[in-house]
Amino acid sequence: MRTLQPFGFPTLAAWATLVVIAQMTAAEAPGQGRRGRGAPAAPETTTVTTPSGARLRVETVVDSLNTVWDMKWAPDGELWFTERSGRVSRLDVATGKVTRVGAVPGVTQRSESGLMGLAFHPDFPREPWIYFVHSFGGAGGRAGARGGGARAAIRNRLVRMRYEEGKLAGVETLIDSIPGASNHDGAALVIGPDRMLYMSMGDATRRELAQDSSSLNGKVLRLTLDGRSAPGNPFGNAIWSWGHRNSQGLAFHPTTGALFSSEHGEDAEDEVNRIDRGRNYGWPAVEGMCNQAEEEEFCRTAIVVQPVWVAAPTVGLSGLDIYESETIPGWKGSLLLASLAGRSLYRLTLSGDKRTVTSSERLFEGEFGRLRDVLVASDGSVYIATSNRDGRGRPVRADDRIIRLRRF
Ligand SMILES: [Ca+2]
Ligand SMILES: [Ca+2]
C-alpha cells in the first residue's frame, strides 16, 4: 500500500527545501504568474512510498504556469519547457528561477492544439537552434475551448528559432501547413542518436490519413536538422513509421537506441510502441493490440506492429521518458509515462532486452491532476508537469506546476 505522508515536523533538509521554494517564488520572472495569496491546495513538499517500496520526496519546483506541454534539458543543465499558448521558458532547477526566453509566433491554441514539442540542435549552443512544432491558423477560435469547429483551417508546422543573448530570435519554417485540427495534433520532437530529428504528427481527426503514404499525418517523421526528409528513410520521403493516431511522447532508449512512443487510443487502448523503420502501427484499422476479430485480417496483411504495452481503457498517455539511473531503488530500466485523463504517472518495467514490459505501476493517481510530461534528470530525479489549465482539468490555485520527485 502506498502511504502519503503529509509534511510533518520539518527536518533540516525540509526547511532547506522550503527556503528554496520561497526563493523561487521571489525570483519568478515578469510574465510568469506568481503564486496567488493563500496556500496552494496541494502541499509543496511531501514524502511518498510507492507500491513497490521506493521512498520519494515530492516537491513543487515552480507553480502558476499554464498548460506545460514539453520539457527538455539544455546542455547547461537548465530545464526548458513550452506552454501551449506559445510561451517558452527555462528553469534553473537548483534555484527554481524561471526565465522566459520568448514566444513562438503565430501559435493557435484551441482544445488540444497549440505549441507542443521542442528539441535542441545536438550541437547547441554552438549551433543555437531550437526546434518547435505548433498549430497555427483557424481564426476565430477560443483558447482552451473544447471540441471541433474550424478544423480545416488549423494547420501544424515545424519551425526552428535561434537563441541569442538569452532570447529566441527569428523563425524559420521547416515544414509548413501540415493538416491540423482542434484535436489530434500530437507532435513530439526528439533528436535521435543518428542526429536526425524525429517528430510525431497526429491524424488531425482524419483517421484515414494514418494509412495514406502521401500524408504526414498519423506518422512518425524522420528529418535532417534542416527539416528535409532524412537519407535512409524507408519510402524516400519524411515518413519513418505509419498507422499512428495521436502520439504525444517520443524518447530514445539511452543504451539500446530504440525509439519508444506513447499514443492516445480512441477509447479502448492507449499504446506504448517501439518504433521501427517503415513499419505500420495499425491505426485506424487497429487500436491497441490485434485482439478484435475485425482487426485480425488487417494485422496479418499489413504486418502490424503491436504495442509493447497498452492502457485499457484509455488514460491519455502523453509524455514519456526512460529511467536508467540507479538512484531511485527499483526504477532502473523503467519507462515513465505521464497520463492526462488517468491523472497518474505510470512506471513500466522493461525486460532485460528492453523489448517487452514485464510489470507496471500506477503512481500519484489523482494527486496532481492531469499530467502532460515527464523528464528524467541526470542526477536520477524526475520532473513531471501538470496540464490542469488545458480546458479539461480542474485546476487548483498552484496549477500548472512542475514537480520534482527524488529519492528520500
Ligand atoms: Ca497501434
Ligand atoms: Ca485492439
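Being a predicted model, the structure only gives us computed values, none of them experimental.

Rules used throughout
- Residues numbered from 1 in each chain as written.
- Chains lettered and ligands numbered in written order.
- Predicted model: local features only at pLDDT ≥ 70, side-chain atom pairs only at ≥ 80, totals over all residues.
- Pairing = 2+ DSSP bridges.
- Helix = DSSP H or I, 4+ residues; strand = E, 2+ residues; numbered from the N terminus.
- Axes fitted to C-alpha atoms, helices over the stretch in contact; angles between N-to-C directions.
- Buried ≥ 20, exposed ≤ 12 C-beta atoms within 10 Å, placed from the backbone.
- Core = buried A, V, L, I, M, F, W, Y, C linked by C-beta atoms within 7 Å.
- Contact = placed C-beta atoms within 7 Å.
- pLDDT = per-residue confidence, 0-100.

Colleague: Report on the sheet that holds strand β19 (residues 309–311), specifying residues and quantitative values.
Modeller: Read across the sheet, four strands follow the order β16-β17-β18-β19 without closing on themselves; strand pairing throughout is antiparallel. At either margin of the open sheet sits one strand with a lone partner, and together these are β16 (249–252) and β19. Here the average twist between neighbouring strands, direction ignored, is 20°. Here four bridges tie β16 to strand β17 (residues 259–263), and the two strands are oriented antiparallel to one another. Counted as the bridge partner of Gly249 is Ser262 from β17.

Colleague: Could you give an account of unusual backbone geometry, naming the residues involved and the relevant values?
Modeller: Cis geometry is found at the peptide bond from Phe124 to Pro125, where omega equals 5°. Checked against the element boundaries, Pro125 lands in the loop between β8 (115–120) and β9 (129–137). Here the phi dihedral of Glu165 falls at roughly 50°; this positive angle occurs in a residue that is not glycine. Structurally, the position occupied by Glu165 is in the loop between β10 (154–164) and β11 (167–179). Overall, Glu165 belongs to the exposed group, with 5 C-beta atoms counted inside 10 Å. Of note in the backbone geometry, Ile303 takes a positive phi value of approximately 50° without being a glycine.

Colleague: Tell me about the nonpolar core, residues and numbers included.
Modeller: With 99 residues, the main nonpolar core has Met199, Leu221 and Ile384 as its most contacted residues. Residues in contact with Ile384, not counting those within four places in the same chain, are Ala338, Leu345, Leu371, Val374, Ile403 and Leu405.

Colleague: An account of the confidence of the model for the protein chain is needed here, citing residue identities and associated values.
Modeller: Averaged over all residues, the pLDDT of the protein chain equals 89, while 86% of them reach at least 70. Ignoring residues within four places in sequence, the model shows residues 141–145, a span with pLDDT below 50, making 12 contacts including any to other chains. Considering only residues more than four positions removed or in separate chains, one finds that residues 147–152, a stretch of pLDDT under 50, has 10 contacts.

Colleague: Describe in detail the pairing of β17, supporting the description with residues and values.
Modeller: Among the five residues that make up β17, five are buried, leaving the element largely enclosed by the rest of the structure. Covered by surrounding structure in β17 are Leu259, Ser261 and Glu263 together with Phe260 and Ser262, the residues of both alternating faces. Following β17, the chain reverses through six residues before pairing antiparallel with strand β18 (residues 270–275).

Colleague: Provide a residue-level description of the pairing of strand β5 (residues 79–83), including the pertinent values.
Modeller: Looking along a regular strand, one sees the side chains alternate between the two faces of the sheet. By the criterion of burial, β5 is predominantly enclosed, with five of the five residues buried. Across the two faces of β5 the burial is the same, with Leu79, Phe81 and Glu83 and Trp80 and Thr82 all buried. Pairing analysis gives four bridges linking strand β4 (residues 68–73) to β5, with the strands arranged antiparallel. Looking at β5, one finds that Trp73 is bridged to Leu79. Taking the residues between adjacent antiparallel strands as the criterion, β4 and β5 are bridged by five residues, where Gly77 takes a positive phi near 90°. Two elements, β5 and strand β6 (residues 87–92), share four bridges in a ladder whose sense is antiparallel.

Colleague: Help me get a handle on the environment of Arg355, residues and values and all.
Modeller: Positionally, Arg355 belongs in the loop between β22 (344–350) and β23 (357–363). Look at Arg355 and you get exposed, because 11 C-beta atoms sit within 10 Å. Residues Arg355 and Thr256, spaced 99 residues apart in sequence, show a C-alpha to C-alpha distance of 9.8 Å.

Colleague: Residue-level account of the environment of Val190, with values.
Modeller: Secondary-structure assignment places Val190 in strand β12 (residues 189–191). With 22 C-beta atoms counted inside 10 Å, the residue Val190 sits in the buried group. The sequence separation of Val190 and Phe252 amounts to 62 residues, and the corresponding C-alpha distance is 8.0 Å. Other than its neighbours up to four places away in sequence, Val190 contacts Ala119, Tyr198, Leu250, Ala251 and Phe252.

Colleague: How would you explain the sheet that holds β22 if you had to name every residue and give the values?
Modeller: With antiparallel pairing, the four strands of this open sheet are ordered in space as β20-β21-β22-β23. Each edge of the open sheet carries a strand with a single partner, namely β20 (317–323) and β23. Neighbour-to-neighbour, the strand axes of this sheet turn through a mean angle of 20°, independent of strand direction. For β22 and β23, the ladder comprises six bridges, and the chain directions are antiparallel. When the bridges of β23 are listed, Leu350 appears paired with Val357.

Colleague: So what's going on with the environment of Arg162? Residues and values would help.
Modeller: Turning to its location among the elements, Arg162 is positioned in strand β10. Note on Arg162: 15 C-beta atoms within 10 Å, which makes it partly exposed. Separated by 35 residues in the primary sequence, Arg162 and Glu127 place their C-alpha atoms 8.5 Å from one another. The contact partners of Arg162, leaving out residues within four places of it in the chain, are Pro128, Trp129, Ala169 and Gly170.

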